[in-house]
Structure formats: C-alpha cells, structure tokens
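Listed here are the chains, written in short residue letters.
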Amino acid sequence: NQQVIFKDYVNGFPKESDMPLKTSTTISLKLPQGSNGVLVKNLYLSCDPYMRGRMSKTQGSYFEPFTPGSPITGLGVAKVVDSGHSNFKKGDLVWGGTGWEQYTIITTPQTLFKIQDTDVPLSYYTGILGMPGMTAYYGFYEICAPKKGEYVFVSSASGAVGQLVGQFAKLTGCYVVGTAGTNEKVELLKNKFGYDEAFNYKEEQDLDAALKRYFPEGIDIYFENVGGKMLEAVLLNMRVNGRISACGMISQYNLNQEEGVRNLSSIIMKRLHIKGFIVSDHFNLLPKYMEMVIPLIKERKICYIEDIVEGLESAPAALVGLFSGKNVGKQVVVVARE
Ligand code: NDP
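In this text, all values refer to a predicted model and were calculated from it rather than measured experimentally.

Caption draft 1: Broad picture of the overall build of the protein chain. When helices and strands are counted, the protein chain shows eight helices and 15 strands. For 338 residues, the compact-globule formula gives about 20 Å, and the C-alpha radius of gyration of the protein chain, at 20 Å, lands near that figure. By principal-axis analysis of the C-alpha atoms, the protein chain measures approximately 65 × 45 × 35 Å. Considering the protein chain as a whole, with its 338 residues, one finds that 43% of them fall into the buried category. Within the protein chain, residue pairs in contact and separated by at least 24 positions form 65% of the contacts whose partners lie at least 6 positions apart.

Caption draft 2: Highlighting the pairing of strand β15 (residues 330-334). By the criterion of burial, β15 is predominantly enclosed, with four of the five residues buried. Note that strand β14 (residues 306-310) and β15 share five bridges and pair parallel. In the sheet register, Glu310 faces β15, and the bridge partner there is Val334. The handedness of the β14 to β15 crossover, carried by helix α8 (residues 315-321), is right-handed.

Caption draft 3: Quick peek at the site of the ligand. Taken together, 29 residues lie near the ligand, and Gly159, Gly181, Gly248, Ser251 and Gly325 sit nearest. Partitioning the shell around the ligand into residue classes produces 15 nonpolar, eleven polar and three charged. Here the shell around the ligand spans two domains, and each of domain 1 (2-127 + 304-334) and domain 2 (131-280) adds at least three residues to it.

Caption draft 4: Examining the pairing of strand β12 (residues 238-246) more closely. As defined by bridge partners, strand β11 (residues 219-224) adjoins β12 across five bridges and the pair is classed as parallel. Bridge pairing in β12 places Tyr222 opposite Ile244. Following the backbone out of β11, through helix α5 (residues 228-237) and into the adjacent parallel β12, one traces a crossover that is right-handed. The pairing of β12 with strand β13 (residues 273-276) spans four bridges and is classified as parallel. In the sheet register, Arg243 faces β13, and the bridge partner there is His273.

Caption draft 5: Just the environment of Ile128, in detail. Turning to its location among the elements, Ile128 is positioned in the loop between β7 (113-114) and α1 (131-144). Taking C-alpha positions, Ile128 is 7.5 Å from Ala160, a pair spaced 32 residues apart along the chain. Contacts of Ile128, omitting those with residues within four sequence positions, involve Gly133, Leu164, Val293, Ile297 and Tyr304.

Caption draft 6: Fine view of the sheet that holds strand β10 (residues 197-200). Here we have six strands laid out as an open sheet, ordered β10-β9-β8-β11-β12-β13, and parallel in their pairing. The open sheet has two edge strands with one neighbour each: β10 and β13. Neighbour-to-neighbour, the strand axes of this sheet turn through a mean angle of 15°, independent of strand direction. Strand direction decides the pairing type here: strand β8 (residues 151-154) and β11, joined by three bridges, are parallel.

Caption draft 7: Highlighting the domain arrangement of the protein chain. On domain assignment, one finds that the protein chain holds domain 1 (2-127 + 304-334) and domain 2 (131-280). Summarising the inter-unit geometry, the C-alpha centres of domain 1 and domain 2 are found 28 Å apart. Contacts between the two partners involve 15 residues from domain 1, matched on the other side by 17 residues from domain 2. For the side of domain 1 that touches domain 2, the class distribution of residues is eight nonpolar, five polar and two charged.

Caption draft 8: Looking closely at the nonpolar core. Membership of the largest hydrophobic core comes to 93 residues, with the highest contact counts inside it found for Val165, Val234 and Val333. For this core, the element with the most residues is α1, which contributes eight residues. Per-domain counts for this core show at least three residues from each of domain 1 (2-127 + 304-334) and domain 2 (131-280). Each residue touching Val234, except ones within four places of it in the same chain, is listed here: Phe153, Leu211, Ile219 and Tyr222.

Caption draft 9: The arrangement of the packing of α1 against helix α7 (residues 286-298) in detail. One can describe the packing of α1 onto α7 by two numbers: an axis separation of 10 Å at closest approach and a directional angle of 95°. Between α1 and α7, the crossing angle belongs to the class labelled roughly perpendicular. Of the residues in α7, those touching α1 at Gly133, Met134 and Tyr137 are Leu286, Tyr289 and Val293. Tallied by class, residues from the contact of α1 with α7 come to five nonpolar, one polar and no charged.

Caption draft 10: Broad picture of the environment of Val335. As for its placement among the helices and strands, Val335 is situated in the segment after β15. Exposure remark for Val335: the 23 C-beta atoms within 10 Å place this residue in the buried category. Spatially, the C-alpha atoms of Val335 and Leu312 are 5.7 Å apart, while their sequence positions differ by 23 residues. If we skip the residues at most four places from it in the chain, Val335 touches Asn42, Leu43, Leu45, Gln102 and Leu312.

The rules behind the values
Residues numbered from 1 in each chain as written. Predicted model: local features only at pLDDT ≥ 70, side-chain atom pairs only at ≥ 80, totals over all residues. Helix = DSSP H or I, 4+ residues; strand = E, 2+ residues; numbered from the N terminus. Rg over C-alpha atoms; globule rule 2.2 N^0.38 Å. Buried ≥ 20, exposed ≤ 12 C-beta atoms within 10 Å, placed from the backbone. Contact = placed C-beta atoms within 7 Å. Pairing = 2+ DSSP bridges. Right-handed = clockwise from strand over helix to strand, strands pointing away. Near = placed C-beta within 6 Å. Nonpolar A, V, L, I, M, F, W, Y, C, P; charged D, E, K, R; others polar. Domains from an automatic or database assignment. Axes fitted to C-alpha atoms, helices over the stretch in contact; angles between N-to-C directions. Core = buried A, V, L, I, M, F, W, Y, C linked by C-beta atoms within 7 Å. Parallel < 35°, antiparallel > 145°, perpendicular 65-115°, else oblique.

Next up, the structure:
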C-alpha cells in the first residue's frame with residue numbers, strides 16, 4: 001500500500017519533503033473480522049487549501065491537525081472493496097474523507113456520500129460535484145443572495161471554487177469581474193468561464209485603482225477567497241448594503257501572523273453584510289445543489305476545468321502548488337481510474 005505520509009508540523013510554506021512517500025508491505029483486501037467500516041480503493045484525491053491548516057499543530061484550521069507519521073487525509077473519490085456497513089456494498093462508488101494512499105479503511109462510513117450519477121467524470125466529485133462545488137453554491141446563493149444586474153467580484157477566480165462562482169453569477173444575470181495570478185488564468189476567466197472582465201492582481205501596483213477601473217459604481221457582492229491586501233482594497237470599493245461571502249483567505253495561510261486588514265470601518269459605514277462559513281456545516285443542501293448543477297453540466301451550461309496529475313507520488317507537489325498558484329482549475333490527483 002503506497003502512502004503519502006505527513007512528516008511533521010509545518011512552519012511557513014509547506015514543501016514536498018514534508019510529505020514523503022512510503023510503501024508498506026502487504027495490502028489485505030478484506031476488512032478485519034467484525035469491523036463495521038468500509039475498505040476502499042482510492043481513485044481520485046483532492047488537493048485543497050484548508051489542508052495547510054491541518055499541517056499546523058494549533059494554528060487556524062477548523063479540522064483536526066494531521067498526525068505526524070500517518071498518511072495525509074483529505075477528500076477523495078473511492079470504490080468500496082469490502083464493507084461491514086449495511087449502507088455500502090462492494091463496488092459502490094463514494095466520495096468523502098479518505099487517506100492519501102492506495103487503500104484506506106474508513107471507520108466512519110456514515111460520513112461518506114454515495115455517488116449516484118456516473119455519466120459525468122468521476123473526478124468531478126472532488127470539485128464541481130463535491131466540496132468546492134457546494135462551497136461556491138452556498139457561499140454565492142445562500143450568503144450573497146444575488147440579484148440580476150448586481151456587480152460581483154471574485155478573487156482566486158479561476159480555481160476550484162472561483163470558476164463556479166463566476167459562472168453562477170453570470171447565470172443570475174450579474175456583471176462579474178474576476179482576478180487571478182497569471183495571464184493564462186485571466187484569459188480563461190474571460191474566454192471560458194464567461195467573466196465580463198478579469199485582471200492579473202500581480203500586475204497591478206494599486207489594487208484600489210484597479211477595482212475602481214472595473215467597478216466605477218462599486219461592488220455589490222464580493223466572494224472572498226484570498227484576504228489580505230485584496231480585502232483591504234475591496235472594502236473601499238463596496239457599495240452600501242453590499243454582501244461579502246468570507247470563504248477563504250489563502251494569502252494568509254502560510255504566515256506566522258496574519259497581515260492586518262485595514263478599512264474595516266467600511267463594514268459599518270456601508271452597512272455591509274460579511275459572513276463567514278464552513279461548507280461542511282451545510283452539506284444538508286447537497287441534494288438541492290446536485291439537482292441544480294447536474295442538469296447544467298449535462299446541458300453544457302456550465303463548464304469545469306481540472307488540473308489533473310497522475311500518481312500518489314505527484315500529490316505532495318500538487319498540494320504545495322496551490323500556494324503559489326501553480327494549479328489551473330481544480331487540483332486533482334489520480335491514484336487509479338477504476
Ligand atoms: P484554488 O483552486 O483557487 O487554488 C488556490 C489558488 O489560490 C491558487 O491557484 C492561487 O491562484 C491562489 N493563491 C495562492 N496564494 C495566493 C496569495 N498569496 N494571494 C492571492 N491568491 C493566492 O482553491 P479552492 O478554489 O479550492 O479554494 C479557494 C478558497 O476557498 C481558499 O481560500 C480556500 O481555503 C477556500 N475554501 C473555503 C471553504 C469553506 O468551507 N469556507 C471550502 C473550500 C474552499 P492565483 O494564480 O490566482 O494566485
């Protein structure tokens with residue numbers, strides 16, 4: 001059983017060497033006698049920014065820290081090989097929490113979601129049909145309550161979550177501008193995801209001026225994925241009664257101390273609604289989201305870009321790459337295709 005091991009708690013930016021590969025001797029394809037868990041073969045693993053928080057002993061994650069010396073854990077798509085749980089049988093496809101290894105015993109199978117629709121790419125259950133999709137859905141529709149004609153700004157706009165927020169905003173009839181860190185991503189925003197405008201934040205000297213260029217009348221809705229200097233600039237450009245969906249602040253995740261965000265008084269003066277959320281608190285809405293999004297995929301009214309790397313050995317670099325913007329679209333690791 002090949003595994004990616006979490007070596008030890010990380011300070012600053014994570015490195016590939018924090019996640020060495022290990023091959024353990026034998027794999028038993030049977031659960032231990034009496035187990036009510038499931039044994040799965042991992043197919044697709046998801047690389048997600050929140051995993052950085054789990055690499056710190058105390059700092060900032062809403063989930064437990066990883067255990068040094070044990071395999072990394074995260075979300076993925078897997079096939080049931082053996083089951084001691086009445087809800088699952090051999091051959092079922094599932095997505096949910098699993099390990100960065102070829103085979104995993106999941107002792108809490110009630111946390112897994114059974115995959116019903118298989119005529120879409122299975123890897124989508126790490127992205128548009130999984131946690132990032134729900135994040136875009138909940139954060140945009142439920143928190144921002146968007147209305148036709150409103151001005152929407154999205155940061156990390158071509159990523160796993162952002163590419164969907166932009167498309168949802170267009171489907172709602174909003175004017176939407178996105179920002180990303182390379183010109184290639186900016187082109188995707190405009191030509192693939194239908195953003196009205198897009199810019200490369202790394203090429204802007206003055207983010208406030210950039211936002212004023214694209215939003216001369218201000219921003220109604222900000223979908224926040226990055227925090228830091230971008231948030232400071234956005235606050236100055238929000239309209240009265242604007243809404244901010246505080247989804248993530250990736251620019252802060254590798255810093256020992258978060259950088260101060262100024263302009264917070266705008267929240268009061270402009271009566272802003274700024275609401276943080278953790279998507280896993282809202283998975284009860286998953287069926288409602290699936291009902292909306294699966295037809296959109298099948299009718300090609302929405303598209304989804306993935307950045308797929310092959311093999312467990314590629315997983316550490318893929319995860320590290322999220323923090324320098326190496327990924328173009330949802331970062332997925334293929335362990336096996338069936
Ligand atoms: P992405 O696919 O968007 O990948 C991360 C991207 O972040 C990179 O590609 C890079 O793009 C950008 N980035 C990295 N460092 C910085 C930086 N210093 N400043 C600005 N941008 C940076 O990831 P996801 O779509 O999966 O996640 C997006 C955000 O949503 C994250 O903040 C994540 O933590 C959050 N999230 C929150 C959830 C919740 O429940 N609240 C659930 C899921 C995600 P670029 O080239 O543009 O710099």
